[in-house]
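Structural characterization, general
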Amino acid sequence: MQITPEDARSATLSTRQVQGSPSVMGRVLDSDIWYSFTRSWITMLAALITLVLILSAVFAHQIAPNDPFNLESLSLLDGSKPPFWSADGEWRFPLGTDQQGRCVLSSILFGMRISLIVGFLGVLLAASIGITLGLVAGYLGGTVDSVIMRVADVQLTFPAILIALLIDGTMRALVGTARSEVLVFWVLVVSIGLSFWVQYARTVRGSTMVERNKEYVQAARLIGLGNVTILFRHVLPNVVGPVLVIATINMALAIITEATLSFLGVGLPPTEPSLGTLIRLGNEFLFSGEWWVVIFPGLTLAILVLAINLLGDWLRDALNPKLR
Amino acid sequence: MLAYILRSLTQATLVMLAVAFIAFSMFRYVGDPVASIVGQDATLKDRQELSESLGLNDPFPLQFARFLGNALQGDLGISYRQGRPVADLLIERLPATIELAVISAIVALGLGLILGIYAALNRKGVIANIVMSVSLIGVSLPTFLIGVGLIFLFSVYLRWLPSFGRGEVVAFGWWTTGLLTESGRKSLIMPVITLGFFQLTLIMRLVRAEMLEVMRTEYIKFARARGLSDGKVHYRHALRNAMVPVITITGLQLGSIIAFAIVTETVFNWPGLGALFVRSVEVVDIPVMAAYLMFVGLVFVVVNLIVDVLYFLVDPRLRGGITVPAR
């Protein structure tokens, strides 16, 4: 089950009953959301930055000046070069190189790509688990509901980073220490997914309990549809709106969690570095004066997270009818 | 009152049992306890005998009961990697974490209150706006990034503060403290800022929001109409009522401080429980992971319990009614 932006948009727009302009573009430009978007220059800036960062991560292969993973092109002679504006800097490596001669800018581009993918898949997993459990809990009620919500309550008492660390450790034990990069990648995704599902479950459960008693659900039941069909075809589109807000804010949290785990040394290995791994590796060279190896990945992470957070905040306010 | 506390106690016990159960399952089923004790060349017979003597062939409830009994007596098993009792490891590192966490909490709460009240009372002020903007960044930045930034500024660039360890510590029995030596105090500064910053911004924003909310109520208008001084209105009437949610959140945040200490301790090589836990995750040392889980569970449960009781004492509305706040 995937929530595409189209689904989410139509879900939010359908409640608003925008009429007159039949084209999608026209509807978007005519909506309250677009209006509030254009009223806030901070939001537009955040959107622009997010877009630029995501695009440069997607097209990392095309725009990266060097290939940090190609051992043939690496040369120790290029090691520890400062950024281009320093006296020793070269334009070949705009943000300098690390000790092994890897271009910092290229490493950041590829690292950000991995961070974004892990964050996105983690959020997707968390949302899928949370929405499913929330739908089931809200629709069935009774024992199923109380069991799911009890588990959610207990999990909510503990911070997500702790849960993610525990799951990460347990899964490492289960899959053995001789693990491949691909496996570590999925361990991370699952750790993040399992740490963040509670919020989705709670929100979806709440709105499902409201929807459950509406006439369209009764009608669907009356014509003999199964519970699964009713839940995913009929109830889901009506409860998925608020999930979008949580998902946006969670995306920033997921990226932070991944970076933290990688920084702690239990995330992605140096052979497949994310932004967190880059910061951990660069941190070791902080005292030898090569500040650029750690500061630039750190700044990138900070800007990425801040921009996504600002977008999430705006979306929350824009979709909140109380604030209009 | 009694019923309320009893209910909280029952809930706490249940949560603790659940946590112990998870810890036990990890302990027992993740990784093979026998394989981690005997060498590669142990015969099948040796293994079976060991497994028998460890009671691994007993029925599940019996094993769980024994695990609980041992844990209650302070026996948390033996670390796979260090070969020492886990309880000893925990106690050795406990003071460092407690000292860091408590001081961070005090700083976060104190500064958070002051800044929050200031920002609420001078809503349009320039300083208040700057403080609010900085706090927005503080909420978004990952903890470890703040730590790395501080090290870069104060240790590498300015060379003012040490970047790792606790400095010199003074021991009182099993307790150690870095507060009595200069190097100890210096070593505390950056970890405390790193650990407390998120909580500080959170408490500050909360206090501000609550104060603004309370300042709009009728009884504040009435207090002003009675001609009370600004100070009395702000601190006697408004602040007191704004404190209720602040106490709850602060209590719950104490738990998060312990959890985020994991990150801070790793950044600053702080010899505390969190660093021990990260090491154990890295090398898959299950007994240490399980014990840490139970320790954190205990801290959370106790803090929640205290918050429940405090809530009850602070908010008179709860005492009269039968309703219990749904959390």
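Residues numbered from 1 in each chain as written. Chains lettered and ligands numbered in written order. Predicted model: local features only at pLDDT ≥ 70, side-chain atom pairs only at ≥ 80, totals over all residues.

Let's shift gears to the overall build of chain A. From N to C terminus, chain A includes 15 helices and zero strands. For chain A, the residues scored as buried account for 43% of the 324 residues in total. The long-range share in chain A, meaning contacts at least 24 apart out of those at least 6 apart in sequence, stands at 69%. (Helix = DSSP H or I, 4+ residues; strand = E, 2+ residues; numbered from the N terminus. Buried ≥ 20, exposed ≤ 12 C-beta atoms within 10 Å, placed from the backbone. Contact = placed C-beta atoms within 7 Å.)

This paragraph deals with the overall build of chain B. On a plain count of helices and strands, chain B comes out with 13 helices and two strands. Seen through its C-alpha atoms, chain B measures out along the principal axes to roughly 85 × 60 × 35 Å. Considering chain B as a whole, with its 327 residues, one finds that 38% of them fall into the buried category.

All right, on to helix 13 (residues 241-264) of chain A then. Residues and elements named next belong to chain A. Across its 24 residues, helix 13 extends 35 Å between first and last C-alpha, which sits within 8% of the 34 Å expected from 1.5 Å per residue. Where helix 13 bends most, at N250, the angle is about 25°. Burial analysis of helix 13 places 20 of its 24 residues in the buried class, which makes it a mostly covered element. The positive-phi residue at the C-terminal boundary of helix 13 is G265, with phi of around 90°. (Expected span 1.5 Å × (residues − 1). Bend = angle between axes of the 7 residues up to and from the residue.)

Each partner contributes to the interface: chain B provides 31 residues, whereas chain A provides 36 residues. For the side of chain B that touches chain A, the elements supplying multiple residues, two or more each, are helix 1 (2-29), helix 6 (126-140), helix 7 (143-157), helix 10 (230-267), helix 11 (273-282) and helix 12 (286-314) of chain B. The greatest single-element share of the side of chain B that touches chain A, amounting to seven residues, is contributed by helix 7 of chain B. A per-class count over the side of chain B that touches chain A returns 24 nonpolar, six polar and one charged. (Nonpolar A, V, L, I, M, F, W, Y, C, P; charged D, E, K, R; others polar.)

A word on the confidence of the model for chain A. Residue and element names in this part refer to chain A. Averaged over every residue, the pLDDT of chain A is 80; residues scoring 70 or more account for 85%. Of all the helices and strands in chain A, helix 1 (residues 5-14) carries the lowest mean pLDDT, 49, while helix 6 (residues 104-140) carries the highest, 91. Low pLDDT (under 50) marks residues 8-21, which in the prediction has 19 contacts with non-local residues, meaning those over four places away or in another chain. (pLDDT = per-residue confidence, 0-100.)

Now for unusual backbone geometry. Residues and elements named next belong to chain B. For R159, which is not glycine, the phi torsion reads 60° and is therefore positive. Tracing the sequence through the fold places R159 in the loop between helix 7 and strand 1 (170-172). C-beta crowding within 10 Å serves as the criterion here: with 9 such atoms nearby, R159 is assigned to the exposed category. For N269, which is not glycine, the phi torsion reads 50° and is therefore positive. Structurally, N269 can be placed in the loop between helix 10 and helix 11.

What follows deals with helix 7 of chain B. For helix 7 of chain B, built from 15 residues, the straight-helix expectation of 21 Å at 1.5 Å per residue is met to within 8% by its first-to-last C-alpha distance of 20 Å. At B:I151, helix 7 of chain B is bent by approximately 25°, the largest bend along its length. Among all positions of helix 7 of chain B, only B:T143, B:F144, B:L145, B:I146, B:G147, B:V148, B:L150 and B:I151 are buried. Elements in contact with the buried residues of helix 7 of chain B: helix 13, helix 14 (275-283) and helix 15 (292-319) of chain A together with helix 8 (182-215) and helix 10 of chain B. Backbone geometry just downstream of helix 7 of chain B places B:R159 in the positive-phi region, at approximately 60°.

Let us look at the packing of helix 4 (residues 41-58) of chain A against helix 15 of chain A. Residue and element names in this part refer to chain A. Packing of helix 4 against helix 15 leaves a shortest axis separation of 8 Å and a crossing angle of 130°. Classed by the angle they form, the pair helix 4 and helix 15 counts as oblique. Here the hand of the crossing between helix 4 and helix 15 comes out left-handed. Residues I42, T43, A46, A47, I49, T50 and L53 of helix 4 form the contact with helix 15, whose own contacting residues are I303, L304, A307, I308, L310, L311 and W314. For the contact of helix 4 with helix 15, a count of residues per class yields twelve nonpolar, two polar and no charged. (Axes fitted to C-alpha atoms, helices over the stretch in contact; angles between N-to-C directions. Parallel < 35°, antiparallel > 145°, perpendicular 65-115°, else oblique. Left-handed = near helix turned anticlockwise from the far one by under 90°.)

We now examine the environment of A:S207. All names here are of chain A. Structurally, S207 can be placed in helix 10 (residues 197-211). Take S207: there are 19 C-beta atoms within 10 Å of it, and that puts it in the partly exposed class. In the structure, S207 is positioned 35 residues away from P242 in sequence and 9.3 Å away in space, judged by C-alpha atoms. Other than its neighbours up to four places away in sequence, S207 contacts V239 and P242.

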